[in-house]
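Given next are the chains, with one letter for each unit.
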Amino acid sequence: MITMAAPQMLNGSQEVTRTPFRQSPSRHAFHYKAFEECKRNILSKPYPDDGSLYCNATFDNWLCWDFTPAGQSAFQRCPYDFIEGFNRDEFAEKKCMPDGTWFVNKLSNRTWTNYMPCTTHEENLSVLLVYISGYVLSVLLCVACIIIFSIFRQLRCTRVIMHQHLFLSYIITGVLWTVSYTQLVLKVDVIRENPVWCKVVHVLTQYISLSNYCWMFCEGLFLHTIIVHAFSKEKKLLRICYGVGWAVPVVPTIIYACIRAVDQELDKECWIPHSWALWTIIAPVIVSLIVNFAFFLNILRILMSKLRAFNSHEQLQYRRAVKAVLIMIPLFGTNNLIMLVRPEMSREGVRVWKIISAFLVAYQGVAVSLIFCFFNGEVMTVLRRKWSQWRHTHDHGVLGRLRSTSNTMAITMDDMSAANRNGYPTTTSKTASKHAQDPTELHLMMNSQKKSAA
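The following refers to the structure shown.

**Looking at the overall build of the protein**
Check the secondary structure of the protein and you find 14 helices and eight strands. Within the span of the protein, comprising 454 residues, buried residues form 43% of the whole.

**Remarks on a nonpolar patch on the surface**
Residues Val 136, Leu 137 and Leu 140 make up a contiguous nonpolar surface patch of about 240 Å² in total accessible area. Here Leu 137 lies in helix H2 (residues 121-151).

**Things to note about the state of the cysteines**
In the structure shown here, the tally under the stated rule is three disulfides. The partner cysteine of Cys 38 in its disulfide is Cys 64, sulfur to sulfur 1.9 Å. Taking the sign of the S-S torsion, about 60° here, the bridge from Cys 38 to Cys 64 comes out right-handed. Of this pair, Cys 38 sits in helix H1 (residues 32-43) while Cys 64 sits in strand S3 (residues 64-65), and the two are 26 residues apart along the sequence. Given a relative accessible area of 2%, Cys 38 falls into the buried group. Note on cysteine connectivity: Cys 55 is disulfide-linked to Cys 96, with sulfurs 2.0 Å apart. Because the torsion about its S-S bond is 95°, the bridge between Cys 55 and Cys 96 counts as right-handed. Here Cys 96 lies in the loop between strand S6 (91-95) and strand S7 (104-105) and Cys 55 lies in strand S1 (residues 54-55), a separation of 41 residues in the sequence. We note that Cys 55, like Cys 96, is buried. Here Cys 218 is not cross-linked by a disulfide; its sulfur's nearest cysteine counterpart is in Cys 241, at 3.9 Å. Cys 218 sits in the buried class, given a relative accessible area of 0%. Of all cysteine sulfurs in the structure, the one in Cys 145 sits closest to Cys 373, which takes part in no disulfide; the separation is 3.5 Å.

**Observations regarding the environment of Val 291**
Here Val 291 lies in helix H8 (residues 279-309). Accessibility expressed as a relative area gives 29% for Val 291, which makes it partly exposed.

**Section: the packing of helix H5 (residues 196-228) against helix H6 (residues 234-247)**
For the pair H5 and H6, the least separation of the axes is 8 Å and the interaxial angle reads 160°. If you check the angle between H5 and H6, you find them roughly antiparallel. For the crossing formed where H5 meets H6, the hand is right-handed. Taking contact as the criterion, the partners of Tyr 207, Ile 208, Ser 211, Cys 214, Trp 215, Phe 217, Cys 218, Leu 221, Phe 222, Thr 225 and Ile 226 in H5 are, on H6, Glu 234, Leu 237, Cys 241, Tyr 242, Val 244, Gly 245 and Trp 246. Looking at the contact of H5 with H6 residue by residue, the classes come out as 14 nonpolar, three polar and one charged.

**A look at the packing of aromatic side chains**
A complete count under the given rule lists 15 aromatic pairs for this structure. Aromatic side chains Tyr 131 and Tyr 181 sit 5.4 Å apart centroid to centroid with 40° between the ring planes, which places their arrangement in the tilted category. Here Tyr 131 is found in helix H2, whereas its partner Tyr 181 is found in helix H3 (residues 158-185), with 50 residues between them in sequence. Each member of the pair, Tyr 131 as well as Tyr 181, carries the same accessibility label: buried. Ring centres 5.3 Å apart and planes at 20° place the aromatic pair Trp 387 and Trp 390 in the stacked group. In this pair, Trp 387 and Trp 390 both sit in helix H12 (residues 377-421), three residues apart, roughly one turn of the helix. Members of the aromatic cluster, joined through ring pairs, are Tyr 131, Tyr 135, Trp 177 and Tyr 181. A cation sits over an aromatic face here: Lys 94 above Trp 102, 5.4 Å from the ring centre.

**Considerations on the nonpolar core**
By size, the foremost hydrophobic cluster in this structure holds 49 residues, and its most contacted members are Phe 149, Leu 155, Met 162, Leu 166 and Phe 167. Those elements giving two or more residues to this core turn out to be H2, H3, H5, H6, H8, helix H9 (314-332), helix H11 (364-374) and H12. The element that contributes the greatest number of residues to this core is H5, accounting for nine residues. By size, the runner-up hydrophobic cluster in this structure holds 20 residues, among which are Tyr 135, Tyr 181, Leu 184 and Ile 191.

**Remarks on a positive patch on the surface**
The grouping of Lys 233, Lys 235, Lys 236 and Arg 239 at the surface amounts to a positive patch. The topology assignment puts Arg 239 in helix H6.

**Thoughts on the environment of Ile 281**
With respect to the helices and strands, the residue Ile 281 is situated in helix H8. For Ile 281, a relative accessible area of 0% gives the class buried. Between the C-alpha atom of Ile 281 and that of Pro 252, which follows or precedes it by 29 residues, the distance is 6.0 Å.

**Digging into the pattern of salt bridges**
Per the counting criterion, the structure on display carries five salt bridges. A salt bridge links Glu 36 to Lys 39; the shortest N-O distance between them is 3.7 Å. Of this pair, Glu 36 and Lys 39 both sit in helix H1, three residues apart, roughly one helical turn. By relative accessible area, which is 40% here, Glu 36 ends up partly exposed. In this structure, the salt-bridge partner of Asp 267 is Lys 199, at a minimum N-O distance of 2.8 Å. Of this pair, Asp 267 sits in the loop between helix H7 (250-262) and H8 while Lys 199 sits in helix H5, and the two are 68 residues apart along the sequence. Given the relative accessible area of 16%, Lys 199 is considered buried. Salt bridges sharing common partners tie together Arg 110, Glu 265 and Lys 268.

Rules used in this analysis
- Residues numbered from 1 in each chain as written.
- Predicted model: local features only at pLDDT ≥ 70, side-chain atom pairs only at ≥ 80, totals over all residues.
- Heavy atoms only, no water.
- Helix = DSSP H or I, 4+ residues; strand = E, 2+ residues; numbered from the N terminus.
- Buried < 20%, exposed > 50% of the residue type's maximum accessible area, 1.4 Å probe, protein only.
- Patch = residues over 30% accessible without salt bridge, like charges linked within 9 Å, V, L, I, M, F, W, Y side chains within 5 Å.
- Areas by Shrake-Rupley, 256 points an atom, 1.4 Å probe, with all protein chains shown as cover.
- Salt bridge = Lys/Arg side-chain N within 4 Å of Asp/Glu carboxyl O.
- Disulfide = S-S within 2.5 Å.
- Axes fitted to C-alpha atoms, helices over the stretch in contact; angles between N-to-C directions.
- Parallel < 35°, antiparallel > 145°, perpendicular 65-115°, else oblique.
- Left-handed = near helix turned anticlockwise from the far one by under 90°.
- Contact = heavy atoms within 4.5 Å.
- Nonpolar A, V, L, I, M, F, W, Y, C, P; charged D, E, K, R; others polar.
- Phe/Tyr/Trp six-rings, centres within 6.5 Å; stacked < 30°, edge-to-face > 60°.
- Lys NZ or Arg CZ within 6 Å of the ring centre and 35° of its normal.
- Core = buried A, V, L, I, M, F, W, Y, C linked by side-chain atoms within 4.5 Å.
- Lys, Arg positive; Asp, Glu negative; His and termini not counted.
- Charge placed at Lys NZ, Arg CZ, Asp CG, Glu CD.

Rendered as structure tokens:
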């Protein structure tokens, strides 16, 4: 997903904290069209002169509220046309206190509008579930990939080292986002207290998310350079990617953290709500995706030209081109481009769009690990060879133990035959069977019988 913050949440007072999702009107989300209409139709009206007490007409950045009698609540349809995901069939509430003032949220010390009915808690939970399940599965598969590439030295090369760093960025991204969702987004008390540690988690999450996109860019840069300039120095290019993947994201992240720490309006709620400062993180992501898309198109052009040069069958050309496209799309992160522009859609469309976006983002690590490790022919060949070696060694070990047991039994039976030939008494078949299982006990028994005979 291009946006690097957790899902926005719906604003609620202390009395209604059953859902953590909130979205509060602020100066960074202002409905200018509604404000102009409010000034023209409501705010220009005089105070009622019927002698009753009223709350003044006001605009809360999203909706316009007319003069309301003291001790009553005003209701308006949710601004679904301005805030994504809001239910057009629900109503927001603004409460006028008995003293003629609008209800004030004690936490923010500002007048407050209850937009809680405008969103559906279950829908947000379903989106979170997609994110968390995808990140957890990505972490598990990427860890397995790194272990495989580290154990088998025959797989080591510059290209695989690039993949390992990309897998590592997926692992850290998945862990931090899972922690952010489970320990911050779903914990209302933590968000209210706004401790330092939750801000640190948020900043680290933004850094590693940007780093993940930078490593996608590095994959595109590396592959494009190797294809266009066949004799490029891979080790030098790898060192450049180290800097781009791990060091470059530090600068935008520091700028972002400083902006939110200095601005008191933004330094609250564990920095989870969206703000304009997030563009310091989003802008480099968009640039990397656009450049990677250009790499993608040029690589595809070169590939098609080489396929035609070999005069291969046209259907085979298209099959290979499609295979290359399916491999490069998750590797370069070009699937995220579809989320840059979202068309106007219904509430149900918004819900589906959120789930699809969550799936494409969270399960991208799964797709990359499957394509470049578990579905890779070279990796599978090495794993199958190792499995065959282990089976061969295991089978030989079992056969060796069986031969040792057979030899022991043969020696024991020879001793019993010799005892019979020398005239020594023999045990019953049951006793012989018992002692044949332990050659040491059988030897002691035979010595005792020799002494008694003497």
